[in-house]
Amino acid sequence: MKSSPPETKPAPPAQAEHLLRRLEWTVLRRLDGLLQGDYRTLMRGTGMDLADLREYQHHDDVRHIDWNVTARLQQPHVRVFTEDREMAAWFLLDLSPSIDFGSGEQKKREVSAAFVAVLARLLTRHGNRVGAMLYGAGLDQVLQPRASRLHVLDLLHRMLPKDGQPTEPGRVTHLHELLQAAGGLMRRRSTVFVVSDFISAPGWEKPLAQLAQRHEVLAVRLLDPLELELPDLGLIPIRDAETGEQLLVDTSDAGFRKRFARIAAQREAELRQALGEAGVDTLELSTDDDLAAAILRFAELRRRRSRLSGAGGGLPTHLRPLAAA
């Protein structure tokens, strides 16, 4: 009786392989040299599971103080963690029609795919597992965490648009569906990257804040310069990428451009306030950004915050003496 040949894994799709190889030779090589191996700067607080709570003791790290428990018991308490050697990271990916917009050479979807490919490869090369939840018309796919280059290629292939299958506008995005599903799926503490343009129906703010209470959450906000300010292009059609509704607007009208910029600025302020109140750090990625430079700026911001926190700068005033004890 002949034994069956061993099962072979399918070859990675050519488009995903080409993109990942290009990113490995350009963006990843730059990050390797400039981050100097300190990839954990991007994943502060990860690789740890909450094991217990106990009273604060001399020489404890004040950054581990649980302020909610401290306020309730009127006695400083710290969180005790156990280290998890294999850190899990999750990408919550908004692939709704609005991310297929781009006024220049890149669309928001392409920026999203490049960011995910770079971060996922950076993590898996260090033995960490990455998973993903893909949201389009709804929660379409869930990829359980794995640590391999082939897994990253599979994820990248699922994110990229398929030839001959253009994304059609549909219902308004409800980002809260993705965030609530993630809260129910991810039981262990993880690093969570929410990659979205946050063009969504209201209601995502609360589940994002709830997710941030259990996990290290980073909002990766996708945007295009044309969403913030319209140039004088004359009479042009504008289509709502989510619903497909079209309008003919006169961009030569200075008053219209000013109203557009004012509304865009108000939305920007409200969005940044909502993300701040949810307790998440935010990395903004524009379609005209240099990806490596944007990631390095974000890493430096987190380094500074970590140093300030370690110096007691992030503590309430009446508790800062604890840092000097």
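Residues numbered from 1 in each chain as written. Predicted model: local features only at pLDDT ≥ 70, side-chain atom pairs only at ≥ 80, totals over all residues. Heavy atoms only, no water.

Despite not being glycine, Q74 has its phi angle at roughly 60°, a positive value. Among the residues examined, Q74 registers a relative accessible area of 65% and is labelled exposed. Residues other than glycine seldom take positive phi values, yet F198 does so here, at roughly 55°. Among the secondary structure elements, F198 is positioned in the loop between β6 (191-196) and α6 (205-214). Taking the relative accessible area as the measure of exposure, F198 reaches 3% and is therefore buried. (Buried < 20%, exposed > 50% of the residue type's maximum accessible area, 1.4 Å probe, protein only. Helix = DSSP H or I, 4+ residues; strand = E, 2+ residues; numbered from the N terminus.)

Take the confidence of the model for the protein chain next. Residues at a pLDDT of 70 or more form 78% of the protein chain, whose mean pLDDT is 81. Averaged over each element, pLDDT in the protein chain is lowest for helix α9 (residues 321-324) (40) and highest for β6 (96). pLDDT under 50 marks residues 1-9. Its contacts with residues more than four places away, or in other chains, come to 1 contact. When the criterion is pLDDT under 50, residues 311-325 qualifies, and its contacts beyond four places in sequence or with other chains add up to 18 contacts. (pLDDT = per-residue confidence, 0-100. Contact = heavy atoms within 4.5 Å.)

Turning our attention to the pattern of salt bridges. Where charged atoms from two side chains of opposite charge approach closely, those side chains can pair. On inspection of all chains with the given rule, the structure shows 13 salt bridges. With a shortest N-O distance of 2.7 Å, R109 and D100 are connected by a salt bridge. You'll find R109 and D100 in the same group, each marked buried. Ionic pairing is found between R272 and E284, a salt bridge with its closest N-O pair at 3.0 Å. Of this pair, R272 sits in helix α7 (residues 254-277) while E284 sits in strand β10 (residues 281-286), and the two are 12 residues apart along the sequence. Overall, the relative accessible area of 48% leaves R272 in the partly exposed class. Using a relative accessible area of 25% as the deciding quantity, one classes E284 as partly exposed. Residues participating in the shared-partner salt-bridge network are E17, R21, E24, R121 and R149. (Salt bridge = Lys/Arg side-chain N within 4 Å of Asp/Glu carboxyl O.)

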